[in-house]
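Chain residues, written in single-letter form:
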Amino acid sequence: MLAHRRARRVPWNFLVLAALLLTSCTPWAPTDQSSANAAKIAGNCSPLPLKPNDFPTSPKVDNRFYPLVPGMQFFLDGAAVAEDGTSHPHRIATVVTDLTKVVDGVPSLVIFEQDIEGDEVLESEVFFVAQRKDGSVWTLGEYPEENQKGKLTGASSTWISGTAGARAGIAMPAHPQVGSPTYLQGLAPNAGFKDCATVFRTGQRACRTLRCYDDVLVIDEFAPLEPEGGHQRKFYAPGVGAVQVAAAGGVDPEALKLSRAAKLCAQEFSNVRQQALAQDNRGYDVARDVYGATPRAQQTLEARLC
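Just so we're clear, the structure is a prediction, and the values are computed from it rather than from any experiment.

> Could you clarify how one ought to interpret the overall build of the protein chain in this entry?
When you go through the protein chain residue by residue, the secondary structure sums to three helices and 18 strands. The buried share of the protein chain, reckoned over its 306 residues, is 54%. Sequence-distant contacts in the protein chain: of pairs separated by 6 or more residues, those separated by 24 or more amount to 60%. Carbon together with sulfur atoms contributes 51% to the accessible area of the protein chain, which is approximately 13,000 Å² in total.

Now the structure itself:
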């Protein structure tokens with residue numbers, strides 16, 4: 001969820017309300033200096049070999065900091081202030097589906113995610129993750145549909161590992177440790193996309209409205225091809241996943257906090273599955289050159305529902 005994968009660079013200009021950045025129980029705040037330090041230790045963010053035999057034949061993602069259980073829904077909420085000064089709720093809504101898709105030879109879990117401002121879905125995305133046998137979670141592709149006033153305008157950021165030079169990357173290391181090398185989250189030359197990440201801190205404490213989390217992992221994410229986008233800090237709680245996103249500089253800072261992590265009930269989940277399948281099918285028309293090489297998503301997993 002949101003992490004998973006490429007660091008989300010918000011595609012419209014706004015300033016996120018500063019009050020949402022961090023609560024008083026969080027022991028530190030991101031700074032431009034800390035971003036610079038992370039960049040200094042970044043090193044080389046190069047693709048690692050993707051070997052399908054390193055993955056199970058049916059995807060299961062139970063990484064301690066990035067568990068993805070089919071049937072779960074997550075909301076990351078914040079607020080956006082537009083250029084005219086008006087404030088709009090901003091939500092990243094993520095559902096772990098019971099669908100799978102083979103990408104670059106790897107059976108992958110299909111995640112359905114929407115980027116919502118106010119009542120408008122700005123972006124709807126299916127993306128594909130799989131956990132290697134060593135415990136690391138990989139992102140193998142994304143199909144993000146962009147919308148304007150309720151109409152699909154394209155999916156220019158689509159990338160699929162193994163197609164047009166795109167390479168899979170690590171969404172979450174198996175055993176994240178400070179000082180370990182910076183790693184690639186994904187690379188798609190034709191889409192101008194390259195995201196990298198560094199384990200920034202471990203053993204932290206992060207709070208949202210109703211509870212605090214201990215032993216939190218903090219990942220620093222950045223896009224070398226878009227240095228003006230700055231850095232993001234993503235906070236991961238054990239057994240939960242991403243609980244907070246905080247900007248660390250850049251023109252489009254983003255600050256979001258986990259407001260929901262719950263199982264969907266049968267009818268809601270069925271509706272989301274149909275949305276994900278419909279989007280998967282559209283991909284063969286909207287992004288034919290990239291998406292057309294993949295087999296269609298299928299329901300192969302069992303979800304845990306309310």
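> Explain the nonpolar core here, please?
When a protein is soluble and globular, its nonpolar side chains tend to lie buried together. Counting 62 residues, the largest nonpolar core has Leu68, Leu109, Val126, Val129 and Tyr291 as its most contacted members. Listed in part, the five residues of the second largest apolar core include Leu184, Leu187, Cys196 and Phe222.

> Explanation requested: the state of the cysteines in the structure shown.
As used in these notes, a disulfide is a covalent bond between sulfur atoms, one from each of two cysteines. All chains considered together, the criterion is met by three disulfides. One disulfide in the model links Cys207 with Cys212; its S-S distance is 1.9 Å. Measuring handedness by torsion sign, the sulfur bridge of Cys207 and Cys212 sits at about 105° and is right-handed. On the accessibility criterion, Cys207 (3% relative accessible area) is buried. Judged by relative accessible area, Cys212 falls into the partly exposed class, the value being 27%. One disulfide in the model links Cys265 with Cys306; its S-S distance is 1.5 Å. Highlighted residues: Cys265 in the loop between strand E17 (256-263) and helix H2 (266-286) and Cys306 in the segment after strand E18 (298-299), separated in sequence by 41 residues. According to the relative accessible area criterion, Cys265 is partly exposed, its value standing at 33%.

> Where do I start with unusual backbone geometry in this structure?
Trans peptide bonds make up the majority, and among non-glycine residues the majority have a negative phi. The phi angle at Lys149 is positive, at roughly 55°, despite the residue not being glycine. Locating Lys149 in the fold gives a position in the loop between strand E8 (137-148) and strand E9 (151-154). Here the phi dihedral of Ala164 falls at roughly 55°; this positive angle occurs in a residue that is not glycine. You can see Ala164 is positioned in the loop between strand E10 (159-160) and strand E11 (167-172). Exposure remark for Ala164: the relative accessible area of 40% places this residue in the partly exposed category.

> Can you help me understand the pairing of E17 in this one?
Two strands pair when backbone bridges link them, and strand E4 (residues 72-81) and E17 are joined in this way by six bridges, in the antiparallel orientation. Bridging across to E17, Leu76 finds its partner in Leu258. Bridge count for strand E16 (residues 241-247) against E17 is two bridges, and the pairing is antiparallel. In the strand pairing of E17, Val245 is matched with Leu256.

Calculation notes
Residues numbered from 1 in each chain as written. Predicted model: local features only at pLDDT ≥ 70, side-chain atom pairs only at ≥ 80, totals over all residues. Heavy atoms only, no water. Helix = DSSP H or I, 4+ residues; strand = E, 2+ residues; numbered from the N terminus. Buried < 20%, exposed > 50% of the residue type's maximum accessible area, 1.4 Å probe, protein only. Contact = heavy atoms within 4.5 Å. Areas by Shrake-Rupley, 256 points an atom, 1.4 Å probe, with all protein chains shown as cover. Core = buried A, V, L, I, M, F, W, Y, C linked by side-chain atoms within 4.5 Å. Disulfide = S-S within 2.5 Å. Pairing = 2+ DSSP bridges.

The values reported here are purely geometric and, on their own, carry no functional implication.
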